[in-house]
Amino acid sequence: MTFPAALPVPRTPDSMDAPPLRWAILGPGWIAEQLVESLHAHTRQEVVAVGSRSLDRARSFADRHGIATAVGSYEELVGLDEVDIVYVATPHPLHLPHALLAMDAGKHVLIEKPIALSAAEARQIASRAAEAGLFCAEALWTLFLPKWDVLRQVVEGGMLGELRSVHTIYGEYFTDDHRIFDATLAGGPLLDLGTYPLAYVTSLLGPATTVAAAGVPDPRGVNGQLGATMVHGDTMSVIATTVHGWPRNEITIIGSEGVLTVEALHNSPGPLTVTSADRRVTLTHDEPYGDQVAGLHFQAAEAARRITANETQTPIRPLGASIISLEASDEIRRQVQISFAAAGLVEQPH
Ligand SMILES: NC(=O)c1ccc[n+]([C@@H]2O[C@H](COP(=O)([O-])OP(=O)(O)OC[C@H]3O[C@@H](n4cnc5c(N)ncnc54)[C@H](OP(=O)(O)O)[C@@H]3O)[C@@H](O)[C@H]2O)c1
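Parameters at a glance
Within any chain, residue numbers begin from 1 and follow the written order of that chain's sequence. Reporting of local features is limited, given that this is a predicted model, to residues whose pLDDT is at least 70; pairs of side-chain atoms are given and counted only at 80 or more, and all residues count toward the totals for whole chains, interfaces and linings. Each side-chain value is worked out from all heavy atoms of the structure, with water and hydrogens disregarded. Counted as salt bridges are all cases of a side-chain nitrogen of Lys or Arg within 4 Å of a carboxyl oxygen of Asp or Glu. Secondary structure follows DSSP: runs of H or I at least 4 residues long count as helices, runs of E at least 2 residues long count as strands, and numbering of each begins at the N terminus. Two strands are said to pair when DSSP picks up at least two bridges between them. Helix axes use the C-alpha atoms of the stretch in contact, all axes being lines fitted to C-alpha atoms, and the angles between their N-to-C directions lie in the range 0 to 180 degrees. Whether two residues touch is decided by their heavy atoms; if any such pair falls within 4.5 Å, the residues are in contact.

1. Considerations on the pattern of salt bridges
Should the charged atoms of two oppositely charged side chains come close, the side chains can pair.
Here comes step 1: Within this structure, the stated rule accounts for 20 salt bridges.
Here comes step 2: The partner of glutamate 138 in a salt bridge is arginine 317, with the nearest N and O atoms 2.9 Å apart. You can see glutamate 138 sitting in strand S6 (residues 136–139) and its partner arginine 317 sitting in the loop between helix H9 (297–308) and helix H10 (319–336), a full 179 residues away along the chain.

What follows is the structure, given as structure tokens:
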């Protein structure tokens, strides 16, 4: 086969064209700041309210971002008539209760990653969304970036031939005071960082059919690093995640006709490269590097388009895909003996 001479171009619509919805921010922490800045810079979405456990914190966030309504409880926030969609940005163990709280109040939800602690929790979220007929998605923002649309077209169009394997790592360095070291918030790298590799490999290769995982605890009371080799039918993946430092966070997808590399940092806007199996052709999608503010708006614009079209999920991150990621995560946790009992998770039988 002659290797193509160019990469596909992203089909991602301009976020500015997405119909405006009225957003409420539930949990005004670090990622919520980035999302609101991104919405204000790149979309016509209206952030109309923010809710915190503390009215002072809600007011201070509202003042910084020009948000009209600040309330001192999440219950009050989700009950506001002027809200269409709630962005759940609390720590992972609270995603399930806060997603249910918002949906029970009749609000659509975009839930930070990981959508929940376990596949069982994610299934509860999915059933409630289905019963209520509300839009619900995991804010796995990387998958909404234009570069991921190029990747999808490269893979689905057969440019790499038959997929053989996906290799990826995600590590970062954190100071001791970061919530990633808090066992009561389901700390450790798996759910915070490993969520990305798990989403990549399962969305590209399908559910893991065999998992072999190993890890090492961190003296601060959570798992510190782990790796997993997984088989997905007749393909395989190798993933790793760590809280001890910044490796070159890339994704390598190996196919029979070529190799695709999502350059570091894989979970932000940036370039990707496709090289033919014989290494004679190298093609680059030259997306500028960017931070969360440059990229978080794509997922919100997609949610706004789907909700306006009366759709309850996005094909970019359907709830079934979030559940499949967490099934692999559950099995890794079982093998590495990571317990979220401190976070109040009652483990479901496997
Ligand atoms: N997409 C991304 O790039 C990205 C990046 C970072 C984090 N995240 C995800 O976003 C979520 C939040 O992370 P973050 O870094 O933004 O956390 P954060 O800065 O600690 O903010 C979390 C917010 O949740 C609220 N909260 C409610 N109950 C809490 C509790 N028991 N302990 C601590 N905070 C509580 C707090 O607001 P009030 O107390 O004022 O209500 C706090 O501001 C996580 O699930 C994480 O995986 C995503």
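Let's pick the thread back up.
2. A short note on the sheet that holds strand S10 (residues 235–242)
Here comes step 1: The eight strands are arranged S8-S9-S10-S7-S11-S12-S13-S14 in an open sheet whose pairing can be described as mixed. With partners counted over all chains shown, the strands left at the sheet margins are strand S8 (210–218) and strand S14 (282–285), one partner each. Shown here is a sheet whose adjacent strand axes are inclined to one another by a mean of 10°, direction ignored.
Here comes step 2: Set on the sheet, helix H7 (residues 189–205) makes contact with strand S7 (163–171), strand S9 (222–232), S10 and strand S11 (251–255); between it and S10 the angle comes to about 165°.

3. What about unusual backbone geometry?
Here comes step 1: Here the residue pair lysine 113 and proline 114 is connected by a cis peptide bond, since its omega of -10° sits within 30 degrees of zero.
Here comes step 2: Relative to the elements of secondary structure, proline 114 occurs in the loop between strand S5 (108–112) and helix H5 (119–132).
Here comes step 3: A cis geometry characterises the amide bond from alanine 264 onward to leucine 265, with omega recorded as 5°.
Here comes step 4: As for its placement among the helices and strands, leucine 265 is situated in the loop between strand S12 (258–262) and strand S13 (272–276).

4. Focus on the sheet that holds S5
Here comes step 1: What the six strands build is an open sheet, ordered S3-S2-S1-S4-S5-S6; its pairing is parallel. Whereas interior strands pair on both sides, the edge strands pair on one side only; in this sheet they are strand S3 (69–71) and S6. Between one strand axis and the next, the sheet turns by 20° as a mean value, whatever way the strands run.

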